[in-house]
Each structure stands twice: as structure tokens, then as C-alpha cells.
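# Structural characterization, general
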Amino acid sequence: METREALAMVFEQPKAPFVAHQIEFPPLNKGEVLVKTIYTTLCTSDLHTYYGRRISPVPSILGHEIIGQIVHLPPGEVTDYYGHPLRMGDRITWAVYAHHAHCRMTQKGLPQKSEGLYKYGHEVLGTDNTLNGGFATHCHLQQGSTIFKLPPTLSPQEAAPLNCTHATVAGAVRLAGDLQDKTVLVSGAGMLGLSACAMAKEQGAHQVWVSDITETRVRYAQCFGADGWILANQGNDNLKKQTIGKEGIDVIIETSGAPSAVEKGVDLLTIGGTAVLIGSVFSQRNISINAEQIVRKLLTIKGLHNYIPQDLASAINFLQRTHSIYPFKALVGKEFPLQQLKAAFEEGNQGRYYRIGVYPTKPEPFGA
């Protein structure tokens, strides 16, 4: 008999054991999809929520770096980002949010700030809002979700972070503009930073530098396209003399979110330089930047929170082209079955790996 229930590991309070819930499949309305979860990776924001470092609704199902397989569709046609019909059995990823296509913010080109935005892995669990996160056997995609079919050549480990890490970085690269023959500094060598190094390199950057407080991380970034590395605790005068030289940095992609890193980065920009901030998503002190410097050097500072659907499309195309060049699969350092979710979070909180993988059932490798 076909199952009509999902298993969800519910987050009820920080640091507490997850509680297993059996949840009936919801009825599907127009434009909605039910997927069987294939694989979910722990994002740093999941760890911050679970360990009480950020506020999130409870009870909830965490997890937003998800890929899945379509198991139920409503009557009528549901299409992907490109307008192609979705079918039972399709392996898919989707934007981390569902948005309203006709609201004011969407019409302004900011769907990620849509009125009534619905974010997977960040919603309260209720009677009418159940399977909304990755740490469950199934996920209920709402109308307004932007859905993409996955290339068959991507492994689950490579594909799961697409709709968070890689899409966000693709958005940062879009905002940065033409990188051809530019000198780029990636600030922070975590998962976002490694992705940014690789994307900048593939966009034709002349040189890609990476900065972090940890030497092992900046050295590892060379596997992802970085030409050189900088320890972030050096003073900027030394950085300019010893590494970057007099020409300075054309583009900074700031992923760490550290106020001091933002300040140092802007100071390193050359005339006409651009800084794109994507890591500053937590409460912090105000930064100090010299306004005269911004004016005289014709600098541009931009911020990106979440991304637009086009960025996820770009990220998928990027990963499809380059997954055999850069070792993204190796960034998932350890895997756990869904029922061992607390152990997965405990391991992730140790910081030994860029990502921890979680699966309801051990996934078979994708492959053409």
C-alpha cells in the first residue's frame, strides 16, 4: 500500500532532541508539489538556529538546502522555471522561498522580499502548514516556488547546497558586474567563499585572492580557483605591499559578515571598485567607512539577501559545467540518516566540515 504519511524531525527548542512526528500528506492545490526528500545539507544558519544563536519559529522543520523527487502533483500542469512541465519522478531543486508573482516587491525585481514570503526551513509547523523543511522524508512545495530539474550528472552532495550557497554567490557575482580581467578578493573561505572563488575564476577574473582568519581554509581555497591567499588578521598596509600590490582590488565579495572584514575590504578597493556583501546576516555593530573615500574613489557597495530565481538558474548551470573541475562533492565531510539528526547537528557544530549531509534513505548516486 502506498504510504500517505511523512516522518519529520521537529525542532522544538534550542539544543533539545528533535521530536519525530508522523505527518499526513497535505492535499495539493494548484501549483503545489509534494516531493520525497533525497538529501539535505546543514547550512550554518541551521546550526545557529538549533544552538540558539538566532531566533526562529518553533515548532518547525529546519533545513532548506534540499533536493527531492516529485511524488505527487495536483490536477493541471505545474511547470519549472523554464516553463517545462514537471512530471512524477523528476529530481528537482527549488528556491529557498515561495513568493507572490504580482506583489509590489516582485514587480520591483525583488521577489526575495515578496509580501508574505514563505521560506523553507524557517516556517512554524502548524495544522495547515506542515511539511515545510528539509529534515523530513517529504516536503510540500507551495505555489510561487521556483522549481528546477536537476542535471543527472550532479551527485546529491553537490546538488543539495545549490539553492542556498551557490545561488547566493551567483547573485553576488551578478551584482558585481563584469569580472573579466578584474582582480577579485573573496573575504571568508567557508562554503560561500569557496563557491565565490570558483565562480569568479570561471567569470574570467584576472586574479582571485581569498582572505580568512584560518590558514588551512585559505590554502584549501586554491583547489577552488584562488590564485593567492591572505590571512585576515594582517594590517591593510602589509596586505597592499606584500600581496595585492599598488593596483588594489576591483571587486570584493564579502562572505564572512565580520564588520572588521567589511571595513578592511572596502579600504582595499581601487578606483571604481565594487564591494558586494552577502555574509552580514546577523546582529552586529555598525561599520566605519570613510565617506570621502567612497566619493573620491568612485566606489560602489551593494548588499544581497537571498537571491532572485535567475541566480539559482545560473548556479545550476555553473555547477553542471564545473563539478568535475572543483571538488564540491568533497565539502560534505560526513553523512547521517534522518533519524540521527541530533548527532548530525552535533557533528556540524564542531566545524570540522563545510557541510554535513542528511538523508531519509541512502541515496543512489546520480549519473548519466
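Residues numbered from 1 in each chain as written. Predicted model: local features only at pLDDT ≥ 70, side-chain atom pairs only at ≥ 80, totals over all residues. Heavy atoms only, no water.

Counting its regular elements, the protein chain contains eleven helices and 16 strands. Compactness check: the protein chain gives a C-alpha radius of gyration of 21 Å against a globular reference of 21 Å for 368 residues, within 12% of the reference. The buried share of the protein chain, reckoned over its 368 residues, is 56%. A sequence separation of at least 24 residues applies to 69% of the contacts in the protein chain between residues at least 6 apart. Surface accessibility of the protein chain: about 16400 Å² in total, with carbon and sulfur atoms responsible for 50%. (Helix = DSSP H or I, 4+ residues; strand = E, 2+ residues; numbered from the N terminus. Rg over C-alpha atoms; globule rule 2.2 N^0.38 Å. Buried < 20%, exposed > 50% of the residue type's maximum accessible area, 1.4 Å probe, protein only. Contact = heavy atoms within 4.5 Å. Areas by Shrake-Rupley, 256 points an atom, 1.4 Å probe, with all protein chains shown as cover.)

Now for the packing of aromatic side chains. For the coordinates displayed, the defined rule picks out 18 aromatic pairs. Judged by centre distance (6.3 Å) and plane angle (70°), the ring pair of Tyr 326 and Phe 328 falls under edge-to-face. The burial state of Tyr 326 is the same as that of Phe 328; both residues are buried. (Phe/Tyr/Trp six-rings, centres within 6.5 Å; stacked < 30°, edge-to-face > 60°.)

Once that is clear, we can look at unusual backbone geometry. With the exception of glycine, the majority of residues adopt a negative phi angle, and the majority of peptide bonds are in the trans configuration. A cis amide bond links Val 58 with the next residue in sequence, Pro 59, at an omega value of -10°. By the element assignment, Pro 59 lies in the loop between helix 1 (44-50) and strand 4 (65-72). Look at Leu 298: it is not a glycine, yet its phi comes out positive at around 55°. By secondary structure assignment, the location of Leu 298 is in the loop between helix 9 (291-296) and strand 14 (300-303). You can call Leu 298 exposed: its relative accessible area is 56%. One non-glycine residue, Asn 306, adopts positive backbone phi at about 60°.

An order of 11-10-9-12-13-14 is seen for the six strands of this open sheet, with the pairing classed as parallel. With one partner strand each, in any of the chains shown, strand 11 (228-231) and strand 14 form the two edges of the open sheet. Ignoring strand direction, the axes of neighbouring strands in this sheet form an average angle of 20°. Pairing analysis gives five bridges linking strand 9 (residues 183-187) to strand 10 (residues 207-212), with the strands arranged parallel. (Pairing = 2+ DSSP bridges. Axes fitted to C-alpha atoms, helices over the stretch in contact; angles between N-to-C directions.)

Under the counting rule described, the total for this entry stands at eleven salt bridges. The partner of Glu 335 in a salt bridge is Lys 362, and the shortest N-O contact between them spans 2.6 Å. Here the residue Glu 335 occupies a position in strand 15 (residues 332-337), and Lys 362 occupies one in the segment after strand 16 (355-359), the gap between them amounting to 27 residues. Given a relative accessible area of 25%, Glu 335 falls into the partly exposed group. (Salt bridge = Lys/Arg side-chain N within 4 Å of Asp/Glu carboxyl O.)

Of all hydrophobic cores here, the largest spans 55 residues; its most connected members are Leu 162, Val 210, Leu 312 and Phe 328. At the level of elements, strand 3 (33-41), strand 5 (91-98), helix 4 (165-176), strand 9, helix 5 (191-202), strand 10, strand 12 (249-254) and helix 10 (309-322) are the ones that each hand at least two residues to this core. Leave out the neighbours within four places in its chain, and Leu 312 touches Trp 94, Ala 95, Phe 148, Leu 162, Asn 163, Ala 167 and Tyr 307. Counting residues in hydrophobic clusters, the runner-up holds 29 residues, among them Phe 25, Phe 336, Leu 338 and Phe 345. (Core = buried A, V, L, I, M, F, W, Y, C linked by side-chain atoms within 4.5 Å.)

This paragraph deals with the side chain of Thr 41. One can find Thr 41 in strand 3. We classify Thr 41 as buried; its relative accessible area is 0%. Side-chain polar atoms of Thr 41 contact the side chain of Glu 65, separated by 2.6 Å. In this structure Thr 41 touches Asp 46, Glu 65, Ala 160, Pro 161, Val 332, Arg 355, Ile 356 and Gly 357, once residues within four positions along its chain are discounted. (Polar contact = N/O pair within 3.5 Å; in protein donor to acceptor, adjacent residues only side chain to side chain.)

On to the side chain of Ser 195. In this structure, Ser 195 sits in helix 5. When its relative accessible area of 0% is taken as the criterion, Ser 195 is described as buried. Ignoring sequence-local partners within four residues, the contact set of Ser 195 consists of Thr 165, His 166, Val 169 and Phe 328.

To continue, consider the environment of Thr 146. With respect to the secondary-structure elements, Thr 146 resides in strand 8 (residues 145-149). Expressed as a C-alpha distance, the spacing of Thr 146 and Val 266, which sit 120 residues apart in the sequence, is 34 Å. Other than its neighbours up to four places away in sequence, Thr 146 contacts Tyr 81, Thr 93, Trp 94, Ala 95, His 99 and Pro 309.

Residue position: Phe 336 is located in strand 15. For Phe 336, a relative accessible area of 9% corresponds to the buried category. For Phe 336 and Gly 357, which are 21 residues apart along the polypeptide, the C-alpha to C-alpha distance reads 6.3 Å. If sequence neighbours within four positions are ignored, Phe 336 has contacts with Ala 343, Ala 344, Glu 347, Ile 356, Gly 357, Val 358 and Tyr 359.

Once that is clear, we can look at the packing of helix 4 against helix 10. Direction vectors running N to C along helix 4 and helix 10 enclose 105°, while the axes themselves pass 8 Å from each other. Relative to helix 10, helix 4 is oriented roughly perpendicular. Between helix 4 and helix 10, the residues in contact are His 166, Ala 167, Ala 170, Gly 171 and Arg 174 and Gln 310, Asp 311, Leu 312, Ser 314, Ala 315 and Leu 319, respectively. The residue makeup of the contact of helix 4 with helix 10, split by class, is five nonpolar, four polar and two charged. (Parallel < 35°, antiparallel > 145°, perpendicular 65-115°, else oblique. Nonpolar A, V, L, I, M, F, W, Y, C, P; charged D, E, K, R; others polar.)

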